[in-house]
Amino acid sequence: MLDSTSTILELLRSGDATAREVTEQALRAIGATQPSINAYTHVAYDAALNAAEAVDRDRKAGRPLPPLAGLPVAIKDVLCTADMPTTCSSNMLRNFTPPYDATIVANLKRAGAIVIGKTNMDEFAMGASTETSAMGLTRNPWDEDRTPGGSSGGAAAAVASGTVPLSIGTDTGGSIRQPAAFCGITGLKPTYGRCSRLGLVAFASSLDQAGPLGWSVEDVAIGLQAMAGYDPADSTSVDQEVPDLQSAVATDNLQGVRIGVLRDSIDQEGVAPSVRKAVSDAEKVFTDLGAEIVEVSLRHSPYWVPTYYVIAPCEASSNLSRFDGAHYGHRQSAQDADGAVDESLAKAEPLEAMYRASRAAGFGSEVKRRIMVGTYALSAGYYDAYYNQALKVRRLIRGDYDTAFESVDLLLGPVTPSPAFGLGENIDDPIAMYLCDLFTVGANLAGVPALSLPAGVDDEGLPVGIQLQAPVMQEAKLIAAGAGFQSKTEYHRLRPSGFIVS
Amino acid sequence: MASVAGAVADSYNAGFLGSPFSLSFTPIDMPTSTRLASDRYPVTVIIGLEVHAQLKTQTKLFCGCATQFGMPANTQVCPVCLGMPGALPVINREAIELSVRTGLALNCSIPPLTKWDRKQYFYPDLPKGYQISQFDLPICADGYLDITDPADPDSTRHIGIVRAHLEEDAGKSMHDESAGVSDTKIDLNRCGTPLLEIVSQPDLRSAAEAKEYLSELKLLLTHLAVSDCEMQEGSLRADANVNLHLDVDGKKVATPIVEVKNLNSFRNVQRAIDYEVERQLVAWEDSGETINDAPKRTFGWDDASERTFPQREKEESADYRYFPDPDLLPVRLPRDMIDEIRSSLGELPAVTRTRLQNQYGLKFYDADVIVNQGPAMIDYFETAASHSGDPKKTSSWIMQEVMRTIKERDVEIQSFPVPPNRLGELVHKIVDGKLDNARARDVFEYLLDHDENVDTALAALGIEAVGEDDLLELCRELLAANPQVVEDVQGGKQQAVGALIGKARAKNPNANPKAVRQTLLDLIAQA
Ligand SMILES: [Zn+2]
């Protein structure tokens, strides 16, 4: 039951299940999986049950209920929640509870969703494996020796382990799509500006975008419908109506739709055969649905990762300046418990020593690495060679997408070069980790929406994903094509062994 | 805040510079003999001013918090101006309009697009770790302000404006160093308040010119209603860039530029510049150091010792790592919006000053005083003058009686108890010879407390014109009683009648002194 948003909503509406029963079941599932999977950083037992009971009372009293009334959802711990800690999986914010809800959290609550807890992530969303979390790593429900991907690894694992039917992640360079692919579920990164960023603790402001993860396209469409919309409090949010995404789900005819296959990326060295097969199988499915397949290439795709790894750290180095120990978050004195002063801080002024001690202790090494890279790239004398150059390349990358979308409606390609990798496999090799983003960062740099779909299984039984990308504000096209694909395939119905069926 | 006692220093926006955690003092000895340096070398003083004017918006630059001065610490704050995680800025349209207004009045060009940049440094009163400012596309660029040449009030000096850009203010750190402990308290009420930083060209040549520039700028900003310019409340602050060009045996030598930060009064701007001029001369005499050895230094001003002092600088402080703020979109400034603001500017103070001289024949000084009082005073003067028929007399009444009353009673000209048309009528009576100045002052005093027209006031005070026959009789009586005066006048001492004028007014306060004098002289001549 907890693996379908639409089923749960139907049961709740018909009265075959109460919100309290659904919530209790979710909490039980979390209790059963948390010790091994560790998808959550915080579980809101009491608040969730209280909210569920309120829904049940309203339903009993015959009051009109919002569309998601009683639906348990999990929220990535980078999104502000006024009634729960928001740690970004960092020691820096271990004890931080914001004074407000992120707009998308408020939207989901207004739609009746019950926030059941906060999910684990790479620290400040920097990583592709959820191993950089200060709250312990998250395991992949399909194989506990593997990572669930990242940075929204907790959000993907929360769905894949059957604790919630829907979770909300964020995607700066692939952080929704890659974990969705690794965990065999569906994940959607909306157009930049489709969902408000207010209350999303910024990693890279020009790239960050929140989106839903669930088993099916139908479920993520329900999630996106509830969370999306213009927010005047976010200057980068787009003032455009969200179309009816449910009607897009109903489409199973892709007659006249032109899909461009990104052959260059599929043929690239290091792409696993299972990934190549998933894409070519998908081409056949789409052809059967009436779509026309053509080949396209995005000329500057070899520059995606280098461009991304200049722009994102530059913005991060600035966004994370506020975590200095002065106002909130972790503060550390330069003195240890015995009053001894760290040698490297002995000569610093007290204020600077406090900054340095707090940031040294509060941030993990990947976060520090990106702050260092970004600070360097924005420094006098390097700005033009790095940041400014990256902005220029970013414009070219956007231009590639514009050109491609003049002749096709959608782009099809892989999400990741391989299925889920092992825990510890890449953690000491930042470059290998960064290459996880090879196929995903383009959508962030161009701001276009992208969908990750389960589309295969490798020899070891691990899920394999494919990615569809659409022009800006065209989520409905993605959803129609994705729903069509899932109407002809069963990959989104596969569950990890030991999946809790109720 | 009550606990903040002892040495409290405001370290506005100090950044790494002038970190109050290391407030170090290097007094400079200035033996009097070296003051003669300026006599030996022709010296040109080069000054540029950076003025921060707080814009009079209802709310802060990027959030909805109020900007009221003097509220309890940390009560006018929200997640945005506190820089909380996840908070996002939204630009205040009013701040844009006020900036464009100012820029147009300063003859600046307004670009079609302006954008926001982050200026990054760590400081506890800057909670985000960066200040949202404008780096390469300021909202106003390349203008000028003409000021009166303090050395010659008949000519003007043309002072270039490099740019004016919008930025958010930082909070306030208060350092308590009493009782041997160093304690810092932060008030973030001011954090996010909109500032327009107006940067002049180094076109100013003396402390007096700097003061004149500031006065004219303040007048313009208050006239445009874009800023209150209350220096004691910090809504107008100035940094002065000062150096000297020396002519040493025909060779031009420039001393290192010193930026004196955070000058919070006109007086301090002047004193800091004067001090710097002396100090730089001495320093150059001592060390021979020129601009090539040390391009720019940052100094503070210590009010108590009346000295500038070097603030400690760090290598990295110079690099603010500016980059475009990804949370904010560039702002488009459409032509028609700019045109609309331009057409709403009205007459600017410099133009009014000239017009008052040409149209009403006022002296420069009088026109300047009226204009400096702001648009409401200009209106008051013009209305009063149109009723009095004598603008010069009207202006002197305003300078003396009206301005004195404003000061004494602490009232605004907008709500002055004697409306301008009434003052005009009163002055008209003087011009017509119906009232003398002394009686007119009595009427004015009466009108201050009675909302009545001039004729009613005259009746209430029993003031009526004294008839010719009554005047003759009064004068005859006085002459009869004071034969000595008649003798003196006949002996050539005309001023002797003065003694009788006071006596005449004692008998009949309505008697016009001029008329009394003339009648007395006529009678003596006829005698
Ligand atoms: Zn605020």
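The rules behind the values
- Note on numbering: residues in each chain are counted from 1, in written sequence order.
- Going through the entries in the order they are written, you letter the chains from A and number the ligands from 1.
- Two thresholds apply to this predicted model, a pLDDT of at least 70 for residue-level local features and 80 or more for giving and counting side-chain atom pairs, whereas whole-chain, interface and lining totals are computed over all residues.
- In computing side-chain properties, one takes all heavy atoms of the structure into account and sets aside hydrogens as well as water.
- UniProt positions are given in the numbering used here, feature names are shortened, and annotations may be inferred rather than shown by experiment.
- Here the limits of each domain have been adopted from an automatic or database domain assignment.
- Here the quantity called buried area is the total loss of accessible area, with a 1.4 Å probe, experienced by two parts when brought into contact, counted for both.
- Salt bridge, as used here: a side-chain nitrogen of Lys or Arg that lies within 4 Å of a carboxyl oxygen of Asp or Glu.
- Throughout this description, a polar contact denotes any pair of N or O atoms lying within 3.5 Å of each other; where both atoms belong to protein, one of them has to be capable of donating a hydrogen while the other can accept it, and for residues adjacent in sequence the pair is counted only when both atoms sit in side chains.
- Only protein atoms enter the 1 Å grid used here, on which a cavity is any set of points holding a 1.4 Å probe that cannot leave and a pocket is any open set flanked by protein within 12 Å on both sides along at least five of seven lines; residues with an atom within 4 Å of a point are listed as lining.
- Grid points are joined across faces, edges and corners, and a volume is the space filled by probe spheres set on the points.
- Three categories are distinguished: nonpolar for Ala, Val, Leu, Ile, Met, Phe, Trp, Tyr, Cys and Pro, charged for Asp, Glu, Lys and Arg, and polar for the others, with Gly belonging to the last.
- Strands are runs of DSSP state E lasting at least 2 residues, helices are runs of H or I lasting at least 4, and numbering of each runs from the N terminus.
- Residue burial is assigned from relative accessible area. The probe radius is 1.4 Å, only protein chains are included, and a residue is buried under 20% of its type maximum, exposed over 50%, and partly exposed in between.
- Contacts: residue pairs with any heavy atoms within 4.5 Å of one another.
- Each axis is a line fitted through C-alpha atoms, taken for helices only over the stretch in contact, and angles between the N-to-C directions span 0 to 180 degrees.
- Orientation is classified from the angle alone, with under 35 degrees giving roughly parallel, over 145 giving roughly antiparallel, 65 to 115 giving roughly perpendicular, and any other angle giving oblique.
- What makes a crossing left-handed is the near helix being turned counterclockwise from the far one by less than a right angle; a clockwise turn instead makes it right-handed.
- Any two strands between which DSSP finds at least two bridges are classified as paired.

Under an unreviewed UniProt entry, chain B has the name Aspartyl/glutamyl-tRNA(Asn/Gln) amidotransferase subunit B and belongs to Allorhodopirellula solitaria. Looking at the Sequence similarities (unreviewed entry) heading of the UniProt record, one finds this comment for chain B: "Belongs to the GatB/GatE family. GatB subfamily." According to UniProt, the comment filed for chain B under the heading Subunit (unreviewed entry) is "Heterotrimer of A, B and C subunits."

For chain A, the name recorded in an unreviewed UniProt entry is Glutamyl-tRNA(Gln) amidotransferase subunit A, with Allorhodopirellula solitaria as its organism. Quoted verbatim from the Subunit (unreviewed entry) field of the UniProt record, the comment on chain A reads "Heterotrimer of A, B and C subunits." Under Sequence similarities (unreviewed entry), UniProt gives the following word-for-word description of chain A: "Belongs to the amidase family. GatA subfamily."

(A) The domain arrangement of chain B, seen in detail. All names here are of chain B. Under the domain assignment, chain B is made up of domain 1 (9–316), domain 2 (346–460) and domain 3 (468–526). Inter-centroid distance (C-alpha atoms) of domain 2 to domain 3 is 33 Å. Across the domain 2 to domain 3 interface the summed buried area is about 330 Å²; carbon plus sulfur atoms make up 36%. Interface area lost by domain 2 to domain 3 is led by Gly433, Asp436 and Arg439, which between them contribute 88%. For the pair domain 2 and domain 3, the interface holds 1 salt bridge. Across the contact surface, domain 2 and domain 3 share 1 residue pair in polar contact (both at pLDDT 80 or more).

(B) Spotlight on empty space enclosed by the protein. Residue and element names in this part refer to chain B. As enumerated under the stated definition, the model contains 7 cavities of 30 Å³ or more in all. Taken as a whole, the largest cavity encloses approximately 100 Å³ of empty space. Taken together, 15 residues line the largest cavity, and the ones lying closest to its centre are Val80, Cys81, Pro89, Lys128 and Ile132. Considering only residue class, the lining of the largest cavity consists of 9 nonpolar, 2 polar and 4 charged.

(C) Just the side chain of Thr308(B), in detail. Residues and elements named next belong to chain B. Topologically, Thr308 is positioned in strand S14 (residues 307–310). On the basis of relative accessible area, Thr308 is assigned to the buried category, the value being 2%. Here Glu276 takes part through its side chain, which lies 2.7 Å from a polar atom of the side chain of Thr308. Discounting residues that sit within four places of it in the chain, Thr308 has contacts with Val260, Ala272, Tyr275, Glu276, Arg279, Phe299, Gly300 and Trp301.

(D) A look at the packing of helix H9 (residues 391–409) of chain B against helix H11 (residues 437–449) of chain B. Residues and elements named next belong to chain B. Direction vectors running N to C along H9 and H11 enclose 40 degrees, while the axes themselves pass 12 Å from each other. Put simply, H9 runs oblique to H11. Crossing hand, H9 versus H11: right-handed. Taken together, the residues of H11 that come into contact with H9 (itself represented by Lys393, Trp397, Glu401, Val402, Arg404, Thr405 and Arg409) are Asn437, Ala440, Arg441, Phe444, Glu445, Leu448 and Asp449. Its residues assigned to classes, the contact of H9 with H11 comprises 5 nonpolar, 2 polar and 7 charged.

(E) Expanded view of the sheet that holds strand S10 (residues 450–457) of chain A. All names here are of chain A. Read from one edge to the other, the open sheet built from 11 strands follows the order S1-S3-S2-S4-S6-S5-S10-S11-S9-S7-S8, with strand pairing classed as mixed. This sheet does not close on itself; its edge strands, each paired only once, are strand S1 (40–43) and strand S8 (292–296). When the angles between neighbouring strand axes are averaged without regard to direction, this sheet yields 30 degrees. Pairing geometry for strand S9 (residues 410–414) and strand S11 (residues 463–469), over 4 bridges, is antiparallel. Bridging from a neighbouring strand, Gly413 pairs with Gln467 of S11. Strands S1 and strand S3 (114–119) of the sheet are contacted by helix H3 (residues 45–60), whose axis makes an angle of about 160 degrees with S3. The strands that helix H10 (residues 273–288) touches are strand S7 (258–262), S8, S9, S10 and S11; relative to S11, the one it contacts most, it runs at about 55 degrees.

(F) Structural detail: the packing of helix H4 (residues 103–110) of chain A against helix H7 (residues 217–227) of chain A. Residue and element names in this part refer to chain A. At a minimum axis separation of 8 Å, H4 and H7 run at an interaxial angle of 110 degrees. If you check the angle between H4 and H7, you find them roughly perpendicular. Contacts between H4 and H7 involve Ile104, Asn107 and Leu108 from the former and Gly223, Ala226 and Met227 from the latter. Class assignment for the residues of the contact of H4 with H7 results in 4 nonpolar, 2 polar and no charged.

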